[in-house]
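# Observations on the three-dimensional arrangement
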Amino acid sequence: MSITPLMPVYPRCGVRPVRGEHCHLIDEDGTRYLDFASGIAVNLLGHSHEGLIGAIQRQAETLMHVSNLYGSPQGEALAQRLVDKTFADTVFFTNSGAEAVECAIKTARAYHQHEGGDPNRTELITFTNAFHGRTMATISASNQEKMHKGFYPMLAGFQYAEFDNLDHARSLMSDKTAGFLVEPIQGEGGIRPGSEEFIRGLRQLADENDLMLVFDEVQCGVARTGKLYAYEHYGIEPDIMATAKGIGGGFPLGACLATEKAARGMGFGTHGSTYGGNPLAMAAGMAVMDAVANDEFLAEVTEKGDRLRARLEQFIGNYPDLFELVRGKGLMLGIKMKVESRPFFVHLRDNHQLLTVAAGDKTLRVLPPLVAGDAEFDEFLEKLSAGAASFDVAAAA
Ligand SMILES: *Cc1c(COP(=O)(O)O)cnc(C)c1O
């Protein structure tokens, strides 16, 4: 037998972390890595955060799981917190980002298939280079063929428009359109913020045609950009939103948020999840909200993001052959490179013990824990400088 016990769907690297301390990961053999990947925007509070550990420990000792057949004081409390802090009136908890997007897709379709709606409106317009997860519906929602290959047929009901191109989105609208599904700031696609004109334009098209504006904030949400959710940067609100990654701070948790109007099709028996909203996940989510959902914390993320970005912008000027620009918001930053970002990301990881994430559009993602500070930024710039100085551009080009 040659297949590995872990199904070999990930090209796993030689870094084998066994422990985390604040912004560092420690490998099996004791090597320390600076973690500016944060489990891909998950570990907002870094590793081994006392508040988060305490909340999970206390809840684990009290009650870990009960069925959604029973009342949920823990779920009600976290849902109320999200409702108070966002556009939403109601929340469905999931265990992952893809499930949150699935629920968002179902909610958007059900809006039109509910009585009073137009059941022909079944199609969501989605955008090029989007990433919405790896389930059948969420890969179907993305135009990226590399995720489709081997898994046909795709789910029907998605039209792909060019990201950040409002005219293209408008041109794909028909009497079958149910709404738009978009990451306001693309993550895997290369830390690409949608322009204000694009995002606000989608809101307007949705308003004019009674369509659902669905945001996938699985990566950009939960304080990462200096706002609790990225839609706040645009001065508009979605009808439905998927959140996950950071919201559990490392504990598996996601949620689909919706307005009362948008959720009109999601009545008794229409959706469910065995684990979704279990008390343990709710405790983790509440601990994260306690830490991040306040103006002081959010202002700090904005300030730190500005400081890190200014330092990065200055730094990339030293290597005009290697780097093009810095983009993103808050501590969701991307360095667009002039060569493929993957070889540089590997070089930083293996030769300088610096963890970042490669993304589309030749972009290197910089996603530090939101609790990182100047000491970690100093260390980051040091490693990045050393990495750029020792990188063989010609070999990567
Ligand atoms: C990671 C991600 C997902 C999928 O989340 P999973 O927890 O891996 O299912 C969906 N949308 C976006 C924007 C993401 O970054």
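## Details of unusual backbone geometry
Negative phi characterises most residues that are not glycine, and trans characterises most peptide bonds. Note the cis peptide between Tyr-152 and Pro-153, where omega equals 0°. Among the secondary structure elements, Pro-153 is positioned in the loop between α6 (145-148) and β6 (158-161). Not every positive phi belongs to a glycine, and Asn-129 is a case in point at roughly 65°. Tracing the backbone through its elements, the reader meets Asn-129 in the loop between β5 (123-127) and α5 (136-140). Judged by relative accessible area, which is 35%, Asn-129 ranks as partly exposed. Here Asp-210, not a glycine, exhibits a phi torsion of approximately 55°, which is positive. Positionally, Asp-210 belongs in the loop between α8 (196-209) and β10 (212-216).

## Here's the deal with the packing of aromatic side chains
Inspection of the entire model under this criterion finds 10 aromatic pairs. The interplanar angle of 50° and the centroid separation of 5.5 Å between the aromatic rings of Phe-315 and Phe-323 together place this pair among those described as tilted. Comparing Phe-315 with Phe-323, the two get one shared label, buried. An angle of 65° between the planes, with centres 5.6 Å apart, marks the rings of Phe-323 and Phe-344 as edge-to-face. Placement of the pair is Phe-323 in strand β13 (residues 323-329) and Phe-344 in helix α11 (residues 341-352), with a sequence separation of 21 residues. In this pair, the class of Phe-323 matches that of Phe-344, namely buried. The structure contains a cluster of three or more aromatic residues connected by ring pairs, namely Phe-315, Tyr-319, Phe-323, Phe-344 and Phe-391. The ring of Tyr-234 carries Lys-329 above its face, with NZ or CZ at 5.8 Å from the centroid.

## What to know about the nonpolar core
In terms of nonpolar packing, the biggest core is built from 90 residues, with Phe-127, Phe-180, Phe-344 and Phe-380 touching the most fellow members. When residues are assigned to domains, this core turns out to be shared by domain 1 (17-48 + 295-396) and domain 2 (51-292), each giving three or more. Sequence-distant contacts of Phe-344, that is, excluding residues within four places in its chain, are made with Leu-322, Phe-323, Met-337, Leu-364, Leu-384, Gly-387, Ala-388 and Phe-391. Counting residues in hydrophobic clusters, the runner-up holds 23 residues, among them Ala-137, Phe-158, Ala-178 and Val-218.

## Looking at the site of the ligand
Taken together, the neighbourhood of the ligand is formed by Ser-96, Gly-97, Ala-98, Phe-131, His-132, Gly-133, Glu-183, Asp-216, Val-218, Gln-219 and Lys-245. Within the contact set of the ligand, a nitrogen atom lies 3.2 Å away from a backbone nitrogen or oxygen of Phe-131. Gln-219 has a polar side-chain atom sitting 2.7 Å from an oxygen atom of the ligand. The fraction of the free accessible surface of the ligand (380 Å²) that becomes covered by protein chains is 82%. Looking at the shell around the ligand residue by residue, the class counts come to three nonpolar, five polar and three charged.

## What to know about the packing of helix α3 (residues 73-85) against helix α9 (residues 279-292)
Axes are the key here: two packed helices are described by the angle between their axes and the distance separating the axes. Running from amino to carboxyl end, α3 crosses α9 at an angle of 35°, the nearest separation of the two axes being 9 Å. When the axes of α3 and α9 are compared, the crossing they make is left-handed. Mapping the contact onto sequence places Gln-74, Gly-75, Ala-77, Leu-78, Arg-81, Leu-82 and Lys-85 in α3 and Pro-279, Met-282, Gly-285, Met-286, Met-289 and Asp-290 in α9. The residue makeup of the contact of α3 with α9, split by class, is seven nonpolar, three polar and three charged.

## Concerning the domain arrangement of the protein chain
Reports of interface size often rely on the accessible area that becomes lost once the parts have come together. Structurally, the protein chain comprises domain 1 (17-48 + 295-396) and domain 2 (51-292). One C-alpha centre belongs to domain 1, the other to domain 2; they are set 27 Å apart. Across the contact, 29 residues belong to domain 1 and 29 residues belong to domain 2. Of the roughly 2,300 Å² buried between domain 1 and domain 2, counting both surfaces, carbon and sulfur atoms make up 67%. Our count for the contact surface shared by domain 1 and domain 2 stands at one salt bridge. A salt bridge links Glu-188 to Arg-365; its shortest N-O distance comes to 2.9 Å. Viewed at the interface, domain 2 and domain 1 are joined by eight residue pairs in polar contact (both at pLDDT 80 or more).

## Quick look at the sheet that holds strand β1 (residues 17-21)
An order of β1-β2-β3-β15 is seen for the four strands of this open sheet, with the pairing classed as mixed. Of all strands in the sheet, those bounded by a partner on one side alone are β1 and β15 (354-355). Sheet topology places strand β2 (residues 24-27) next to strand β3 (residues 32-35); three bridges connect them, and they run antiparallel. Each bridged residue has a counterpart across the sheet, and for Leu-25 the counterpart in β3 is Tyr-33. This element, helix α12 (residues 374-389), spans β2, β3 and β15 of the sheet and lies at about 105° to β3.

Quick notes on the rules
Residues numbered from 1 in each chain as written. Predicted model: local features only at pLDDT ≥ 70, side-chain atom pairs only at ≥ 80, totals over all residues. Heavy atoms only, no water. Helix = DSSP H or I, 4+ residues; strand = E, 2+ residues; numbered from the N terminus. Buried < 20%, exposed > 50% of the residue type's maximum accessible area, 1.4 Å probe, protein only. Phe/Tyr/Trp six-rings, centres within 6.5 Å; stacked < 30°, edge-to-face > 60°. Lys NZ or Arg CZ within 6 Å of the ring centre and 35° of its normal. Core = buried A, V, L, I, M, F, W, Y, C linked by side-chain atoms within 4.5 Å. Domains from an automatic or database assignment. Contact = heavy atoms within 4.5 Å. Near = heavy atom within 4 Å. Polar contact = N/O pair within 3.5 Å; in protein donor to acceptor, adjacent residues only side chain to side chain. Areas by Shrake-Rupley, 256 points an atom, 1.4 Å probe, with all protein chains shown as cover. Nonpolar A, V, L, I, M, F, W, Y, C, P; charged D, E, K, R; others polar. Axes fitted to C-alpha atoms, helices over the stretch in contact; angles between N-to-C directions. Left-handed = near helix turned anticlockwise from the far one by under 90°. Buried area = accessible area lost by both parts, 1.4 Å probe. Salt bridge = Lys/Arg side-chain N within 4 Å of Asp/Glu carboxyl O. Pairing = 2+ DSSP bridges.

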